[in-house]
Amino acid sequence: MNNFSYTKAATTDQAISGLNGDIRNKIIAGGTNITDLLKYFITKADKLVDINSITESNSIQRLDNGGVRLGALHTNADTAYDPIIEERYPLLSKAILAGASAQIRNMATNGGNLMQRTRCYYFYDINTPCNKRDPGSGCSAINGYNRIHAILGQSENCIAVFPSDMCVALAALDATINISGPDGDRVLAFAAFHRLPGDTPNIDNNLKHGEIITSIDLPEKGFPENYSYLKLRDRSSYSFALVSVATAFDLENNKIKEARIALGGVAHKPWRVPEAETFLKDKEPNIETFSAAAKIILQGAKGYEHNNFKIELAKRAIIRNCFMALNPETQRPGAKPSL
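Residues numbered from 1 in each chain as written. Predicted model: local features only at pLDDT ≥ 70, side-chain atom pairs only at ≥ 80, totals over all residues. Heavy atoms only, no water.

Undergrad: Describe the packing of aromatic side chains, listing the residues and the values that go with them.
TA: In the structure shown here, the tally under the stated rule is 6 aromatic pairs. Judged by centre distance (5.9 Å) and plane angle (20°), the rings of Tyr-121 and Tyr-145 are stacked. A residue pair is termed long-range when its members are at least 10 positions apart, and Tyr-121 in helix 8 (residues 121-124) and Tyr-145 in the loop between helix 8 and helix 9 (166-172) qualify at 24 residues. Taken together, the ring pairs in this structure connect Tyr-40, Phe-123 and Tyr-124 into an aromatic cluster. (Phe/Tyr/Trp six-rings, centres within 6.5 Å; stacked < 30°, edge-to-face > 60°. Helix = DSSP H or I, 4+ residues; strand = E, 2+ residues; numbered from the N terminus.)

Undergrad: Tell me what's going on with the sheet that holds strand 10 (residues 243-252), and back it up with residues and numbers.
TA: The strand order across the open sheet formed by 4 strands is 9-10-11-12, and the pairing between neighbours is antiparallel. Here the strands that pair on one side only, and so sit at the sheet edges, are strand 9 (226-232) and strand 12 (271-272). With 2 bridges connecting them, strand 11 (residues 255-264) and strand 12 associate as antiparallel partners. Within strand 12, the position partnered with Leu-263 by the bridge is Trp-271. On top of the sheet, helix 5 (residues 90-97) reaches strand 9 and strand 10; it is set at about 15° to strand 9, its chief contact. (Pairing = 2+ DSSP bridges. Contact = heavy atoms within 4.5 Å. Axes fitted to C-alpha atoms, helices over the stretch in contact; angles between N-to-C directions.)

Undergrad: I'd like a rundown of the pattern of salt bridges, residues and numbers included.
TA: Taken as a whole, this structure holds 16 salt bridges when the rule is applied. A salt bridge links Lys-132 to Asp-204; the shortest N-O distance between them is 2.5 Å. With Lys-132 in the loop between helix 8 and helix 9 and Asp-204 in the loop between strand 7 (184-189) and strand 8 (212-218), this pair connects stretches of sequence that are 72 residues apart. For Lys-132, a relative accessible area of 5% gives the class buried. What you see here is one network of salt bridges that share partners, running through Asp-174, Lys-221, Asp-250, Glu-258, Arg-260, Arg-272 and Glu-277. (Salt bridge = Lys/Arg side-chain N within 4 Å of Asp/Glu carboxyl O. Buried < 20%, exposed > 50% of the residue type's maximum accessible area, 1.4 Å probe, protein only.)

Undergrad: An account of empty space enclosed by the protein is requested, with residue identities and associated values reported.
TA: Applying the stated rule across the entire model yields 3 cavities of 30 Å³ or more. Counted as a void, the largest cavity has a volume near 80 Å³. If you trace the largest cavity, you find 15 residues lining it, with Cys-120, Cys-130, Cys-139, Cys-158 and Ala-160 closest to the centre. Here the residues of the lining of the largest cavity are counted per class, giving 10 nonpolar, 4 polar and 1 charged. Considering only enclosed or pocket space, the second largest cavity measures out at about 60 Å³ in volume. In terms of lining residues, the second largest cavity is bounded by Gln-116, Thr-118, Lys-132, Ala-160, Val-161, Phe-162, Asp-204 and His-268. (1 Å grid on protein atoms, 1.4 Å probe; cavity = no way out; pocket = protein on both sides within 12 Å on 5 of 7 lines; lining within 4 Å. Points joined across faces, edges and corners; volume = space filled by probe spheres on them. Nonpolar A, V, L, I, M, F, W, Y, C, P; charged D, E, K, R; others polar.)

Undergrad: A description of the packing of helix 11 (residues 287-297) against helix 12 (residues 309-326) should follow, citing residues and the corresponding values.
TA: Across the interface, helix 11 lies against helix 12 with an axial gap of 9 Å and an inter-helix angle of 135°. Comparing their axes, helix 12 and helix 11 come out oblique. Classified by chirality, the crossing of helix 12 by helix 11 is right-handed. Between helix 11 and helix 12, the residues in contact are Ile-287, Phe-290, Ser-291, Ala-294 and Ile-297 and Lys-315, Ile-318, Ile-319, Cys-322, Phe-323 and Leu-326, respectively. In terms of residue class, the contact of helix 11 with helix 12 is made up of 9 nonpolar, 1 polar and 1 charged. (Parallel < 35°, antiparallel > 145°, perpendicular 65-115°, else oblique. Left-handed = near helix turned anticlockwise from the far one by under 90°.)

Undergrad: Describe in detail the nonpolar core, supporting the description with residues and values.
TA: Counting residues in hydrophobic clusters, the biggest one holds 39 residues, and the most contacted among them are Leu-70, Leu-91, Leu-92, Leu-114, Leu-170 and Leu-218. For this core, the secondary structure elements donating two or more residues are strand 5 (68-71), helix 4 (83-88), helix 5, helix 9, strand 6 (176-181), strand 8, strand 9 and strand 10. Of all the elements, helix 9 adds the most residues to this core, at 7 residues. Leaving out residues up to four positions away in the same chain, Leu-170 has contacts with Leu-70, Leu-92, Leu-114, Ala-175, Phe-190, Ile-216 and Leu-218. Core analysis: the second largest hydrophobic core is formed by 29 residues, Ile-261, Leu-263, Trp-271 and Leu-298 among them. (Core = buried A, V, L, I, M, F, W, Y, C linked by side-chain atoms within 4.5 Å.)

Below, the structure is given as structure tokens:
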């Protein structure tokens, strides 16, 4: 590893001061991703600022507007098993528990989950060209082994995907992100946080140098009655999604009054298409309706030599998960959806 200095911050202001607005200074919390990036020489740090002692970011709080605030330093495991989250936002709980392993969830933080980087093979191989790691060097995945790569929102510079499960649910729930930095505090809609690759695939999100995530706010509406998270992967444990789908419905008189659908494993950020959700409004929940919504969501999808199958897989996953959301009892361990 490269040599770096290390400091601990007890407050948000101390953390911001420690970063000093310098891209060469990095935050460490759970460390489940940053330590790998450092050890593999993918990321360099002149200084690591340890923020685990910032107590105000390590809790779950009820908000006056009826929503809930997730501390950025609260662990994924503690968030998933919190009674408030299990009762009011079960979609988020299911998504978190679909990710990583129990050991990693015990260490990984909510803020760190948003900040994790792609698991593209070529990004982690410093001997191959990668525009995300080394801008301007090229994208090895486009003509390489691209089984796990993007089918939506990609560019000629990068076809990597964002690996988080938690963030797919946060996108579907319309979360907002609270950020602090040298210029003060700001709030960012979840949909505006992560970026598509475009011409700058090395920039994953819209966090500015010297800023840190302090918390994540969930709106009052958590869709606890009709929801489902489906993750399709090569093995059932400790594996990233080929395609994942977070679905939530508000149903009334056998009509869809409101719908949320977000995809993971298919793009550089959680993929949500508002037009598809608008289409579903006031429709009956059936195979024709869900198939039409899937077509809208996957419009413009493009596969490559090894991942063309993901387009059809995503279509079937969307339809299947919509039916699963009609009956959340199918989410119990060992249960199967009835289609």
